[in-house]
Amino acid sequence: MSLKNIAEGSFKETNLENGFWLLEFSNEETEAQRFERDIDNSFIQMHFCLRGNAKFHFNNGSYTFDVLDKRSILLYNPQQKLPLNLEIRPKTTLISLLISIEKFHSLFSKEANYIPFLSEENINRKYYDDSDIRSTVLVVLQQIINANINSSIRNLYIKGKIYELLSLHFQKDEASNGEYCPFLVDERDVIKIRKAKDIVIARMSEPPSLQELANEIGLNLKKLKEGFKQVYGNTVYSFLFDYKMDFARKLLEKNQLNVNEIGLQVGYSTSSHFIAAFKKKYGTTPKQYVIGFNKK
């Protein structure tokens with residue numbers, strides 16, 4: 001196992017037991033940091049981004065994807081290694097769990113019917129999931145980050161919190177009739193869905209229609225809509241709305257453009273429409289937000 005280019009104090013590793021690792025990253029620098037580690041194909045990887053964002057590089061950089069703020073990624077591929085080649089952006093906090101499939105089976109053997117990669121039919125299939133971090137899981141992650149426990153019992157405390165985190169992360173959603181919603185598709189479809197996300201972000205001021213987007217990425221409309229929601233946890237336009245409001249919020253914090261200019265950048269022809277959208281998202285107007293931000 002190797003460690004590269006991680007600044008002092010930015011990385012903490014806890015070996016909970018054989019086949020069970022916790023990695024904590026906190027980049028408070030102004031430049032991105034890199035972390036590399038060989039991991040064999042018997043491990044499930046779970047990555048939780050508490051703030052900021054990080055980028056994973058695969059196949060010598062030919063394939064990358066982001067782990068965004070308040071989102072989690074789960075990766076498992078029994079057919080090939082998925083070594084960590086991680087770029088941790090400035091002001092980013094990330095927690096990663098590396099769990100052997102044997103250890104995972106021992107924890108969740110009775111739940112295999114709704115955790116996709118544990119079922120018999122999927123035992124040799126790769127699995128990928130990208131979802132919002134549940135609020136209950138965020139609380140546990142913060143407790144892990146802030147743990148100020150005597151070193152002799154820290155591992156026991158952390159191990160208990162990891163078990164709590166896993167149970168909350170995989171808890172059945174009663175609102176969806178107890179079904180865990182997997183995204184078990186060909187990796188080529190995953191790449192197309194990610195391309196759709198990149199397209200709507202790049203053209204957020206004038207986004208394409210869903211049919212135009214489906215045609216451009218080479219998926220039918222049904223697959224686009226279902227796949228996008230499963231990967232990003234939201235519809236295309238709801239995802240775009242959240243992205244635009246977050247983008248606008250960051251522009252407001254820089255205090256370099258006025259409200260009308262920011263509204264135009266994110267696709268609103270009138271400032272009144274932008275103000276209404278911003279208030280819908282954040283419960284306050286852009287002007288009130290700036291005043292509150294400047295008081296911090």
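Rules used in this analysis
- Residues numbered from 1 in each chain as written.
- Predicted model: local features only at pLDDT ≥ 70, side-chain atom pairs only at ≥ 80, totals over all residues.
- Heavy atoms only, no water.
- Helix = DSSP H or I, 4+ residues; strand = E, 2+ residues; numbered from the N terminus.
- Contact = heavy atoms within 4.5 Å.
- Areas by Shrake-Rupley, 256 points an atom, 1.4 Å probe, with all protein chains shown as cover.
- Core = buried A, V, L, I, M, F, W, Y, C linked by side-chain atoms within 4.5 Å.
- Buried < 20%, exposed > 50% of the residue type's maximum accessible area, 1.4 Å probe, protein only.
- Arc of directions from axis to C-beta.
- Axes fitted to C-alpha atoms, helices over the stretch in contact; angles between N-to-C directions.
- Parallel < 35°, antiparallel > 145°, perpendicular 65-115°, else oblique.
- Nonpolar A, V, L, I, M, F, W, Y, C, P; charged D, E, K, R; others polar.
- Pairing = 2+ DSSP bridges.

Caption draft 1: Up close: the overall build of the protein. Within the protein, the regular secondary structure consists of ten helices and ten strands. The contacts in the protein between residues at least 6 apart in sequence include a share of 70% that link residues at least 24 apart. Counting every atom, the protein has about 15500 Å² of accessible surface; 48% of that belongs to carbon and sulfur.

Caption draft 2: Structural detail: the nonpolar core. Core analysis: the biggest nonpolar cluster contains 53 residues, and F25, F35, L86 and F274 have the highest contact counts within it. When residues in this core are grouped by element, the largest group, seven residues, is from helix 7 (residues 236–254). In this view, F274 contacts M245, A248, V259, I262, G263, V266, Y268 and P286; residues no more than four positions away in its chain are not counted.

Caption draft 3: Structural detail: helix 10 (residues 286–295). Those residues of helix 10 that sit buried are P286, Y289 and V290. Relative to the axis of helix 10, the buried residues are bounded by an arc of 100° and lie together on one face. Residues of helix 10 that are exposed and point over 90 degrees away from its buried face: K287 and K295. Tucked inside the fold, the buried residues of helix 10 contact helix 7, helix 8 (259–265) and helix 9 (271–282).

Caption draft 4: Examining the packing of helix 7 against helix 9 more closely. Orientation of helix 7 relative to helix 9, taken along the N-to-C sense of each, is 100°, at an axis distance of 10 Å. Taken as axis vectors, helix 7 and helix 9 run roughly perpendicular relative to one another. Taken together, the residues of helix 9 that come into contact with helix 7 (itself represented by F241, D242, M245, D246, A248, R249 and L252) are F274, A277, F278, K280, K281 and Y282. Considering only residue class, the contact of helix 7 with helix 9 consists of eight nonpolar, no polar and five charged.

Caption draft 5: Just the sheet that holds strand 1 (residues 11–17), in detail. With antiparallel pairing, six strands are arranged side by side in an open sheet as 1-2-9-4-7-10. Across the chains shown, the open sheet's two edge strands, defined by having one partner strand only, are strand 1 and strand 10 (127–132). When strand polarity is set aside, the average angle formed by the axes of neighbouring strands in this sheet is 10°. Sheet analysis places strand 7 (residues 71–76) next to strand 10, joined by six bridges and oriented antiparallel. Bridge pairing in strand 10 links S72 to S131. Strand contacts of helix 2 (residues 135–145): strand 2 (20–27), strand 4 (43–51) and strand 9 (92–100), with the helix running at about 90° to strand 4, the strand carrying the most contacts. Across the sheet, helix 3 (residues 151–169) touches strand 1, strand 2, strand 4, strand 7, strand 9 and strand 10, and the angle it forms with strand 1 is around 85°.

Caption draft 6: Representation of the pairing of strand 6 (residues 63–67) within the structure. Among the five residues of strand 6, four are classified as buried, and the element is accordingly described as predominantly covered. Note that strand 5 (residues 54–58) and strand 6 share five bridges and pair antiparallel. Counterpart to H57 in the pairing with strand 6 is T64.

Caption draft 7: Broad picture of the packing of helix 5 (residues 210–217) against helix 6 (residues 221–232). Relative to each other, helix 5 and helix 6 sit at 95°, their axes nearing to 9 Å. Taken together, the axes of helix 5 and helix 6 lie roughly perpendicular to each other. Across the interface between the two elements, L210, Q211, L213, A214 and I217 from helix 5 touch L221, L224 and K225 from helix 6. Looking at the contact of helix 5 with helix 6 residue by residue, the class counts come to six nonpolar, one polar and one charged.

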